[in-house]
Amino acid sequence: MAKNIILFSIVALSFCFFAYAFEPSPLQDFCVADASTSARVNGVACKNPMSVSANDFSFSGLHLPGNTSNAVGSRVTPVTVVQLPGLNTLGISMVRIDYAPTGINPPHTHPRATEILTVVDGSLEVGFVTSNPDNKHITKVLQKGDVFVFPVGLVHFQRNVGKGNALAIAALSSQNPGVITIANAVFGSKPDIASDILAKAFQVDKSVVDQLQTIF
């Protein structure tokens, strides 16, 4: 019995460690981000609590449709610590995603957050790919009111498969989840990744890589 209790305690502590591995719990009521300071910390330095106001905890405009007139036919409107200083140290943020007909939110990852998405309007094909070596593609078509979760760090996407515009709202488990769009990162890095490296990695002719690098 004693061994079981010890084992359970170790497992419980391990889960607690991983749960807080990304963003530890705040040590005060709040830590509103102070954009005026040049202090370098893991996150954003705190504003003087005496100068905090309600505006630090609010954001307006998420009801406004995003402009989807672009190459991928979607627009992400973020509400992270950059837009809402009161999110600092709280480990949460959200986004609005608008999709034109056939629009996509292209394959990307969030290095610091799990994402949970709900469809507000329209129909979305969503999916993510598991890590090597399986690279299993897990995908589903969602309708209005459906919810889907994308595990932290995994490549995922959405595509509008309905007849009209689509809208989704997503929450992320970080005040600053980060985003790495695969095509932009691989073919649009500055400076470029050597085209012969990418040609070998993707098993295509170097001319294909050269063309893609001019696009991104």
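All values derive from a computational prediction rather than experimental measurement.

> Hey, could you go over the pairing of strand β5 (residues 124–129) for me, with residue numbers and the actual values?
Side-chain positions along a regular strand alternate between the two faces of the sheet. Judged by how many residues are buried, β5 sits mostly within the fold: five of six residues are covered. Sheet analysis places β5 next to strand β6 (residues 137–142), joined by six bridges and oriented antiparallel. When the bridges of β6 are listed, Leu124 appears paired with Leu142. Bridge analysis of β5 against strand β8 (residues 155–160) gives six bridges, and the strand direction is antiparallel.

> Report on the UniProt feature "binding site: oxalate" (unreviewed entry) in the protein, specifying residues and quantitative values.
Within this numbering scheme, the UniProt entry marks Asn105, His110 and Glu115 as carrying the feature "binding site: oxalate" (unreviewed entry). Tracing the chain through its elements places His110 in the loop between β3 (104–109) and β4 (115–121). Since its relative accessible area comes to 10%, His110 is described here as buried. Beyond its immediate sequence surroundings of up to four residues, His110 is in contact with Glu115, Val152, Gly153, His156, Leu172, Pro177, Gly178 and Val179.

> Explain helix α3 (residues 195–202) to me, using residue names and the numbers behind them.
Within α3, burial applies to Ser195, Leu198 and Ala199. Buried positions in α3, seen along its axis, are confined to an arc of 105° and lie on one side of it. Away from its buried face, by an angle of more than 90 degrees, α3 presents the exposed residues Lys200 and Ala201. The inward-facing, buried residues of α3 abut α2 (182–187) and α4 (206–215). Among the residues trailing α3, Gln203 stands out with phi positive, at a value near 55°.

> Hey, could you go over the sheet that holds β5 for me, with residue numbers and the actual values?
The strand order across the open sheet built from five strands is β6-β5-β8-β3-β10, with neighbouring strands paired in antiparallel fashion. Only two strands of the sheet have a single partner each, and these edge strands are β6 and β10 (180–181).

> Describe the state of the cysteines, naming the residues involved and giving the relevant values.
Among covalent bonds in proteins, the disulfide is the one between the sulfur atoms of two cysteines. Applying the stated criterion across every chain yields a total of one disulfide. Residue pairing for Cys31: its cysteine sulfur links by disulfide to Cys46, the two sulfurs lying 1.8 Å apart. Here the disulfide of Cys31 and Cys46 is left-handed, its torsion about the S-S bond being about -105°. Of this pair, Cys31 sits in the loop between α1 (2–19) and β1 (74–79) while Cys46 is found in the loop between α1 and β1, placing the two residues 15 residues apart along the sequence.

> Tell me about the side chain of Asp56, residues and numbers included.
Looking at the element boundaries, Asp56 is found in the loop between α1 and β1. Looking at Asp56, the relative accessible area reads 8%, which means it is buried. Side-chain polar atoms of Asp56 contact the side chain of Lys47, separated by 3.2 Å. Excluding its chain neighbours within four sequence positions, the residues that come into contact with Asp56 are Val32, Lys47, Ser51, Leu84, Pro85 and Gly86.

> Please provide a residue-by-residue account of the packing of aromatic side chains, values included.
A full pass over the atoms with the stated rule returns five aromatic pairs. Between the aromatic rings of Phe30 and Phe57, the centroid separation amounts to 5.4 Å while the plane-to-plane angle is 80°, which identifies the pairing as edge-to-face. With Phe30 in the loop between α1 and β1 and Phe57 in the loop between α1 and β1, the pair connects residues that are 27 residues apart, well separated along the chain. Here the aromatic rings of Phe128 and Phe148 are separated by 6.1 Å at their centres, their planes lie at 50°, and the arrangement is tilted.

> I'd like a description of unusual backbone geometry, backed by residues and values.
The step from Asn132 to Pro133 runs through a cis peptide bond, and the omega angle for that step is 5°. Turning to its location among the elements, Pro133 is positioned in the loop between β5 and β6. The residue after Lys190, namely Pro191, is reached through a cis peptide bond having omega 0°. Of note, Pro191 is situated in the loop between α2 and α3. In this model, Thr102 sits at a positive phi of 70°, which is unusual for a non-glycine residue. Assignment of secondary structure puts Thr102 in the loop between β2 (93–99) and β3.

Conventions used here
- Residues numbered from 1 in each chain as written.
- Predicted model: local features only at pLDDT ≥ 70, side-chain atom pairs only at ≥ 80, totals over all residues.
- Heavy atoms only, no water.
- Buried < 20%, exposed > 50% of the residue type's maximum accessible area, 1.4 Å probe, protein only.
- Helix = DSSP H or I, 4+ residues; strand = E, 2+ residues; numbered from the N terminus.
- Pairing = 2+ DSSP bridges.
- UniProt positions renumbered as here; feature names shortened; annotations may be inferred.
- Contact = heavy atoms within 4.5 Å.
- Arc of directions from axis to C-beta.
- Disulfide = S-S within 2.5 Å.
- Polar contact = N/O pair within 3.5 Å; in protein donor to acceptor, adjacent residues only side chain to side chain.
- Phe/Tyr/Trp six-rings, centres within 6.5 Å; stacked < 30°, edge-to-face > 60°.

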